[in-house]
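Now for the letters of each chain:
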Amino acid sequence: MSTDGEAIRHWWRTSIIDMEPGKIVFRGTPIEELIGTVSFPQMIWLMVRGGTPSEEEARLFEAALVAGVDHGPQAPSIAAGRMAATCGLGLNNVMATGINMLGDVHGGAGEQCAELYYDIADRMDAGAPLEEAVVDGLVQWRSEYGKIVSGFGHRFHKPTDPRAPRLMKLVRDAAIEGTVSGRFADIGVAVQAELGRSRGVPIAMNIDGATAVIFCELGFPAPLSRGLFCLSRSVGILAHAWEQMGQGGRNKGPMPPRFLPQYEPEDNAG
């Protein structure tokens, strides 16, 4: 029979950290050996999935993190953070407010897009050519999520999201160097082409579609695309929160006070 001490000790189990007084070891490496020798992206990789990426993998990973940092106060996550900053909250609360805005539509699209890419890759592994796998994958994806395909299209950036071509070039360069396969870059481009063909109008690959390519190329499970985007966007939320605190302002809402929302009385006729 286990003692109470053993029961308490085994309440939480982790392979991430071995910590006791005077000792901090992350996945087998003492913290003092990591400080000053690994970059922050490498540390994120180590903590989330274990192992140490190559310098080339870390650079590609870092590029995806940099690209998603900010998109201005019109982005709900940034706007929420700035509004929270005018309500007397501390930076930690302000950042949490902004991060909590990152859901399926805003911020979570990368996870859904990665799921689509992985599904298409599975179809190709089963013998389907790329074009067929893309068409069938889109049909399946839309049956679950609806007609709007995460990772493509942007309400501001038409016909090109300036972040996506740069990220895709880095993926192509990394594929030439042998850092990644380039397979998911091909899938992403094929999805973009099929969506444009079916619409009759070109459509942009957005930040979520491009970072999903990178995370898939690097072997991250689809749900981590969302978590990694949250890490990235938290930098922008922090910057905007700090700026807003410097600017001042109290109880700023989503629009200036002289503008009021349109009142629409309920139609109770009948």
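Scroll up to find the structure.
Residues numbered from 1 in each chain as written. Predicted model: local features only at pLDDT ≥ 70, side-chain atom pairs only at ≥ 80, totals over all residues. Heavy atoms only, no water.

Caption draft 1: Broad picture of the overall build of the protein chain. Counting secondary structure elements, the protein chain contains 12 helices and 3 strands. Principal-axis analysis of the C-alpha atoms places the extent of the protein chain at approximately 70 × 55 × 45 Å. In the protein chain, the proportion of contacts linking residues at least 24 apart, taken out of those at least 6 apart, comes to 71%. For the protein chain, the accessible area works out to roughly 15800 Å², and carbon and sulfur atoms hold 57% of it. Of the side chains in the protein chain, 24 bear a positive and 32 a negative charge, and the two mean positions are spaced by 7 Å. (Helix = DSSP H or I, 4+ residues; strand = E, 2+ residues; numbered from the N terminus. Contact = heavy atoms within 4.5 Å. Areas by Shrake-Rupley, 256 points an atom, 1.4 Å probe, with all protein chains shown as cover. Lys, Arg positive; Asp, Glu negative; His and termini not counted. Charge placed at Lys NZ, Arg CZ, Asp CG, Glu CD.)

Caption draft 2: Broad picture of the layout of surface pockets. By volume, the largest pocket amounts to about 630 Å³. Lining the largest pocket are 25 residues, and of these Val105, His106, Ala109, Asn206 and Asp208 lie nearest its centre. Of all the secondary-structure elements, those providing two or more residues to the lining of the largest pocket are helix 7 (109–125), helix 8 (130–145), helix 11 (207–217) and helix 12 (222–247). Classifying every residue of the lining of the largest pocket by side-chain character gives 11 nonpolar, 9 polar and 5 charged. (1 Å grid on protein atoms, 1.4 Å probe; cavity = no way out; pocket = protein on both sides within 12 Å on 5 of 7 lines; lining within 4 Å. Points joined across faces, edges and corners; volume = space filled by probe spheres on them. Nonpolar A, V, L, I, M, F, W, Y, C, P; charged D, E, K, R; others polar.)

Caption draft 3: Summary view of the pattern of salt bridges. Per the stated rule, a full pass over the model turns up 10 salt bridges. For the salt bridge of Glu111 with Arg226, the shortest nitrogen-to-oxygen distance reads 2.6 Å. One end of the pair, Glu111, is in helix 7; the other, Arg226, is in helix 12, with 115 residues separating them in the sequence. Note on accessibility: Glu111 and Arg226 belong to one class, buried. Asp125 serves as the salt-bridge partner of Arg183, at 2.6 Å between the closest nitrogen and oxygen. A residue pair is termed long-range when its members are at least 10 positions apart, and Arg183 in helix 10 (residues 183–199) and Asp125 in helix 7 qualify at 58 residues. Classification of Asp125 as exposed rests on a relative accessible area of 55%. (Salt bridge = Lys/Arg side-chain N within 4 Å of Asp/Glu carboxyl O. Buried < 20%, exposed > 50% of the residue type's maximum accessible area, 1.4 Å probe, protein only.)

Caption draft 4: How the structure looks around the packing of helix 4 (residues 55–67) against helix 9 (residues 163–177). Running from N to C, helix 4 and helix 9 point in directions that differ by 175 degrees, and their axes come no closer than 11 Å. One finds that helix 4 runs roughly antiparallel with respect to helix 9. In this structure, helix 4 uses Glu56, Leu60, Ala63, Ala64 and Ala67 to contact helix 9, whose residues at the interface are Arg163, Leu167, Leu170, Val171, Ala174 and Glu177. Of the residues in the contact of helix 4 with helix 9, the class split is 8 nonpolar, no polar and 3 charged. (Axes fitted to C-alpha atoms, helices over the stretch in contact; angles between N-to-C directions. Parallel < 35°, antiparallel > 145°, perpendicular 65-115°, else oblique.)

Caption draft 5: Helix 8, seen in detail. Under the 1.5 Å per step criterion, the end-to-end length of helix 8 is 22 Å for 16 residues, consistent within 8% with the ideal 22 Å. Within helix 8, the full set of buried residues consists of Ala133, Val134, Gly137, Leu138 and Trp141. Looking straight down helix 8, one finds that the buried residues subtend no more than 130 degrees of arc, so they occupy a single side. More than 90 degrees from the buried face of helix 8, the exposed residues found are Val139 and Ser143. (Expected span 1.5 Å × (residues − 1). Arc of directions from axis to C-beta.)

Caption draft 6: Spatial organisation of the nonpolar core. Phe61, Tyr117, Phe152, Val191 and Leu218 are the most contacted members of the largest nonpolar core, which totals 46 residues. Looking at this core, the elements that each hand over two or more residues are helix 3 (40–49), helix 4, helix 7, helix 8, helix 9, helix 10, helix 11 and helix 12. When near neighbours in sequence (up to four residues on either side) are disregarded, Phe61 contacts Pro41, Ile44, Trp45, Phe215, Leu218, Phe220 and Leu228. (Core = buried A, V, L, I, M, F, W, Y, C linked by side-chain atoms within 4.5 Å.)

Caption draft 7: Representation of the sheet that holds strand 2 (residues 23–26). Across the sheet, 3 strands lie side by side as 1-2-3; this open sheet has antiparallel pairing. Either end of the sheet is taken by a strand with one partner, and the two such strands are strand 1 (17–20) and strand 3 (29–30). As paired elements, strand 2 and strand 3 share 2 bridges and run antiparallel to each other. Following the sheet pairing, Val25 is matched in strand 3 by Pro30. (Pairing = 2+ DSSP bridges.)

Caption draft 8: Spotlight on the side chain of Thr211. On the secondary structure map, Thr211 appears in helix 11. Those residues in contact with Thr211 that sit more than four places away from it in its chain are Ala64 and Leu167.

Caption draft 9: Broad picture of the packing of aromatic side chains. Going through the model one piece at a time under the given rule, you end up with 7 aromatic pairs. Ring geometry for Phe61 against Phe220: centres 5.1 Å apart, planes inclined by 15 degrees, an arrangement best described as stacked. A residue pair is termed long-range when its members are at least 10 positions apart, and Phe61 in helix 4 and Phe220 in the loop between helix 11 and helix 12 qualify at 159 residues. Classification of Phe220 as buried rests on a relative accessible area of 1%. One aromatic cluster in this structure is built from Trp45, Phe61, Phe215 and Phe220. A cation sits over an aromatic face here: Arg49 above Phe220, 4.4 Å from the ring centre. (Phe/Tyr/Trp six-rings, centres within 6.5 Å; stacked < 30°, edge-to-face > 60°. Lys NZ or Arg CZ within 6 Å of the ring centre and 35° of its normal.)

That's the geometry; what it means functionally is another story.
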